[in-house]
Amino acid sequence: MYKIILLLTIITLNLTSAQTKKKQILLVGTFHYANPGLDVTQVNSFDILSEKSQKELEIMSDKIKKFGPDKIFVEWEFNEQADLDKFYNKNTDSLFKTNKDEIVQLALRTAKKLNHKKLYGMNLYTSFPYDSLLMSMEKANQQDLLKRNNEWKKRNEKDHNERITKSSLQELMLHYNKKETENKNIQWYLEVANRAGNPDDFTGASLVSNWYKRNLYMYSLIQKLTETTDTKIMILVGAGHAALIREFITHDPEFEIVELSTVLK
């Protein structure tokens, strides 16, 4: 009888442990390899197609493969998943030689090595009225804020442009996934954007809320598309998104972050 009770106790403890075990998330924030010029900060391009970078991508993707994510989420429009599925099934050798996007170069490369059937799009675009933000500052005669905004842009452009001339791809990726770097990516929204406009003008706060809304939508999709059988997932997003998604994960009891630095070491 004692043995039966002991066995039942062990089974119960194991079930409880299994139920409370957190899913691991490899959160990868990145600069845009293809540099489409859509961000507020305009930076120089990094030669992602160089032989050196391609070798680094092979090593990085091998290490992520070893981590073993069950799903990989990317910054592709959720409503265009069918297009992503078609894109995923194209000739990958040709894509690696011609397409500079990080979705191809890192996410697709890794997913193919893991024999995944697809990548998961989780982007949902919301408006980002940057020109209206500047107009609100002008209308409110916020010259100091306009100056601060311009200095912020120049500082970030200078930092990135200097880094890409002296850093390897892995060094850049590790830099953009440091917590202090992520925090700087959030800082502009509260230091500059949210202050914009006259007291009765909420253009700045609207821009910031839309940015948070977009990231919450993305995180909602990650939550919904992560199944009970998934134990590990990878999220590849722009570094600005990663800063907020990290914050969401921190307060989500079902997930825990695995740092990129531990996977690439």
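Above: the structure in question.
Let us look at the structure shown here. Here the structure is a predicted model, which means the values were calculated and not measured.

Reading the values: rules and limits
- Residues numbered from 1 in each chain as written.
- Predicted model: local features only at pLDDT ≥ 70, side-chain atom pairs only at ≥ 80, totals over all residues.
- Heavy atoms only, no water.
- Salt bridge = Lys/Arg side-chain N within 4 Å of Asp/Glu carboxyl O.
- Helix = DSSP H or I, 4+ residues; strand = E, 2+ residues; numbered from the N terminus.
- Buried < 20%, exposed > 50% of the residue type's maximum accessible area, 1.4 Å probe, protein only.
- Arc of directions from axis to C-beta.
- Contact = heavy atoms within 4.5 Å.
- Core = buried A, V, L, I, M, F, W, Y, C linked by side-chain atoms within 4.5 Å.
- Axes fitted to C-alpha atoms, helices over the stretch in contact; angles between N-to-C directions.
- Parallel < 35°, antiparallel > 145°, perpendicular 65-115°, else oblique.
- Left-handed = near helix turned anticlockwise from the far one by under 90°.
- Polar contact = N/O pair within 3.5 Å; in protein donor to acceptor, adjacent residues only side chain to side chain.
- Phe/Tyr/Trp six-rings, centres within 6.5 Å; stacked < 30°, edge-to-face > 60°.
- Lys NZ or Arg CZ within 6 Å of the ring centre and 35° of its normal.
- Pairing = 2+ DSSP bridges.

### Quick look at the pattern of salt bridges
- Counted according to the given criterion, the structure contains 12 salt bridges.
- Two residues, Asp-62 and Lys-113, come together in a salt bridge whose shortest N-O distance is 2.8 Å. Here Asp-62, found in helix 2 (residues 51-67), pairs with Lys-113, found in helix 5 (residues 102-113); they are 51 residues apart in sequence, far enough to count as distant.
- A residue is classified by how much of its surface remains accessible, and Asp-62, at 41% relative accessible area, is partly exposed.

### Quick notes on helix 3 (residues 81-88)
- Those residues of helix 3 that fall on the buried side of the exposure criterion are Gln-81, Leu-84, Phe-87 and Tyr-88. An end-on view of helix 3 places all buried positions within 115° of arc, on one side of the element. Away from its buried face by more than 90 degrees, helix 3 exposes Ala-82 and Lys-86.
- Where helix 3 is buried, its residues contact strand 2 (71-77), helix 4 (92-98), helix 5 and strand 3 (120-123).

### Comments concerning the nonpolar core
- Leu-106, Leu-119, Leu-169 and Met-173 are the most contacted members of the largest nonpolar core, which has 38 residues in total.
- If one sorts the elements of this core by residue count, helix 5 sits on top with six residues.
- In this structure, Leu-169 is in contact with Phe-31, Tyr-33, Phe-46, Ile-48, Ser-53, Glu-56, Leu-57 and Met-60, ignoring residues within four places of it in sequence.
- Grouped together as the second largest cluster of nonpolar side chains are 35 residues, Leu-124, Leu-146, Trp-188 and Val-192 included.

### A look at the packing of helix 10 (residues 203-225) against helix 11 (residues 239-250)
- Following both chains from N to C, one finds helix 10 and helix 11 inclined at 60°, their axes separated by 10 Å at the closest point. Judged by the angle between their axes, helix 10 and helix 11 are oblique. Where helix 10 crosses over helix 11, the handedness of that crossing is right-handed. Packed against helix 10, whose contacting residues are Trp-211, Tyr-212, Arg-214, Asn-215, Leu-216, Met-218 and Tyr-219, the element helix 11 presents Gly-240, His-241, Leu-244, Ile-245, Phe-248 and Ile-249 at the interface.

### Quick word on the environment of Glu-182
- Checked against the element boundaries, Glu-182 lands in helix 9 (residues 179-191).
- The buried category is assigned to Glu-182, whose relative accessible area is 1%.
- Measuring from C-alpha to C-alpha, the distance between Glu-182 and Arg-246 comes to 9.0 Å, with 64 residues separating the pair along the chain.
- Leave out the neighbours within four places in its chain, and Glu-182 touches Tyr-176, Asn-177, Ala-242, Ala-243 and Arg-246.
- A distance of 2.5 Å separates polar atoms of two side chains, one belonging to Glu-182 and the other to Arg-246.

### With respect to the packing of aromatic side chains
- With the rule as written, the count across this model stands at 14 aromatic pairs.
- With a centroid separation of 5.8 Å and 80° between ring planes, the pair formed by Phe-31 and Phe-46 is classed as edge-to-face. Of this pair, Phe-31 sits in the loop between strand 1 (23-30) and helix 2 while Phe-46 is found in the loop between strand 1 and helix 2, placing the two residues 15 residues apart along the sequence. As far as burial versus exposure is concerned, Phe-31 and Phe-46 are alike and both buried.
- Measuring from centroid to centroid gives 6.3 Å for Tyr-130 and Trp-188, while their planes differ by 40°, and the two rings are tilted. A residue pair is termed long-range when its members are at least 10 positions apart, and Tyr-130 in helix 6 (residues 130-139) and Trp-188 in helix 9 qualify at 58 residues. With respect to burial, Tyr-130 and Trp-188 carry one shared label: buried.
- Among the aromatic residues, ring-to-ring pairing joins Phe-128, Tyr-130, Trp-152, Trp-188, Tyr-189 and Trp-211 into one connected group.
- The positively charged end of Lys-112 is found above the aromatic ring belonging to Tyr-88, 4.1 Å away from the centroid.
- Across the ring face of Phe-67, the terminal group of Lys-232 is positioned such that the distance to the ring centre comes to 4.9 Å.

### What about the sheet that holds strand 2?
- Taking strand neighbours across the sheet as the criterion, the five strands line up as 3-2-4-1-5 in an open arrangement whose pairing is parallel. Sheet topology places strand 3 and strand 5 (255-258) at the edges, where each strand pairs with a single neighbour. Strand-to-strand twist across the sheet, computed as the mean angle between neighbouring axes with direction ignored, equals 35°.
- Pairing of strand 2 with strand 4 (residues 232-238) involves four bridges; the strand directions are parallel. Within the sheet, the bridge partner assigned to Ile-72 lies in strand 4 and is Met-234.
- Strands strand 1, strand 2 and strand 4 of the sheet are contacted by helix 5, whose axis makes an angle of about 155° with strand 2.

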